[in-house]
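# Per-entry structural report
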Amino acid sequence: MRQRGHAFSPLGEAKKIEIQDHQLLLTTDWAELCIRIQGPDVIRLRAGEKNVEWLDEADYALLPTQSNANPDGQWVESGGMISYLSTNFSLEVQLNPVSIRLMNSRGTLLSSDAEDLGIGRIGQQWYYFRNLPQEERNVGLGEKTGYTLRRGKRFVHWNTDAFMYGTEADPLYVSTPFFMGVLEDGTYGLFLNSYARTVFDFGAGDAHHSCVQNEGGGLDVCFMVGDSPAEVLKSYVGLTGRA
């Protein structure tokens, strides 16, 4: 995959591993990935360039109370993988190359990184490619035109004064970078924490993959796990607050 002369650079192999409480920090040849368990059903992934002080940046979109939530799981190392096992979910992090799988308490696979892709960048734009199961239904993103089910479509978030917009217009006035993936035996939510121009692709470019794209520096994604969309929405409100 290339863009304007730049090839896609995945995270690659984890060369350094640091575990502290409910946080895992992986360092590759050129990047860092921080995985923090924010609460009983919230997982936060932050990726950025190596040796750049981005982990301590202020979080204006997230409630400060989330950092005080009490997860109930623990990290377990086994061979080339590190897992986080808790009551509500399990998270598997492959180390070479870095790849992530998220399951609910019943073992249902909710999210998995696309092979040879996953988290990475092209130039200064960051991407997160994940597998898109045939059964998955995607809803969310706030005020958008078109059908409620987003699969097969691509959407841009960049607040725009779109006066008298048509049925296919995008972007619109408000950016809500949150959606849900609804499967037969579980639901997850994904919130992209960014103030830059972002893109959400639900199989429009490749029917087997979904992708979130951030045109700012780095990638900051929060996953929420629940048995139903209602449970995921409750976690989302707890993460970002009510309007």
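Below: a short report on this structure. (Residues numbered from 1 in each chain as written. Predicted model: local features only at pLDDT ≥ 70, side-chain atom pairs only at ≥ 80, totals over all residues. Heavy atoms only, no water.)

With twelve residues, helix α1 (residues 229–240) should reach 16 Å at 1.5 Å per residue; the first-to-last C-alpha distance of 16 Å fits that figure. Looking only at α1, the buried set comprises Val 232, Ser 235, Tyr 236 and Leu 239. On an axial view of α1, the arc spanned by its buried residues comes to 105°, and they lie on one face. Every exposed residue of α1 that faces more than 90 degrees away from the buried side is listed here: Ala 230 and Lys 234. If you follow the buried residues of α1, they end up packed against β7 (42–49), β17 (178–183), β18 (186–192) and β21 (219–226). Gly 241 occupies a position one or two residues after α1 and carries a positive phi of about 95°. (Helix = DSSP H or I, 4+ residues; strand = E, 2+ residues; numbered from the N terminus. Expected span 1.5 Å × (residues − 1). Buried < 20%, exposed > 50% of the residue type's maximum accessible area, 1.4 Å probe, protein only. Arc of directions from axis to C-beta. Contact = heavy atoms within 4.5 Å.)

By the criterion of burial, β17 is predominantly enclosed, with six of the six residues buried. Burial along β17 is two-sided: Phe 178, Met 180 and Val 182 and Phe 179, Gly 181 and Leu 183, pointing in opposite directions, are all buried. Alignment of strand β15 (residues 137–140) against β17, held across four bridges, turns out to be antiparallel. From the neighbouring strand, Asn 138 faces β17, where its bridge partner is Gly 181. Pairing between β17 and β18: six bridges, direction antiparallel. Counterpart to Val 182 in the pairing with β18 is Thr 187. Following β17, the chain reverses through two residues before pairing antiparallel with β18. (Pairing = 2+ DSSP bridges.)

This part covers the pattern of salt bridges. Counted under the stated rule, the structure contains eight salt bridges. In this structure, the salt-bridge partner of Arg 101 is Glu 92, at a minimum N-O distance of 3.1 Å. A single salt-bridge network, built from bridges that share partners, covers Arg 106, Asp 185 and Asp 227. (Salt bridge = Lys/Arg side-chain N within 4 Å of Asp/Glu carboxyl O.)

Moving on, we get to the sheet that holds strand β19 (residues 198–202). An order of β3-β13-β14-β20-β19-β16 is seen for the six strands of this open sheet, with the pairing classed as antiparallel. Two strands bound the open sheet, and with one partner strand each, they are β3 (9–10) and β16 (154–157). With four bridges connecting them, β16 and β19 associate as antiparallel partners. Counted as the bridge partner of His 157 is Thr 198 from β19.

Attention now goes to the side chain of Arg 121. Considering the arrangement of structural elements, one finds Arg 121 in strand β13 (residues 119–122). Taking the relative accessible area as the measure of exposure, Arg 121 reaches 19% and is therefore buried. Side-chain polar atoms of Arg 121 contact the side chain of Glu 49, separated by 3.2 Å. Not counting residues within four places of it along the chain, the set of residues in contact with Arg 121 comprises Ala 7, Phe 8, Ser 9, Trp 30, Glu 49, Trp 126 and Tyr 127. (Polar contact = N/O pair within 3.5 Å; in protein donor to acceptor, adjacent residues only side chain to side chain.)

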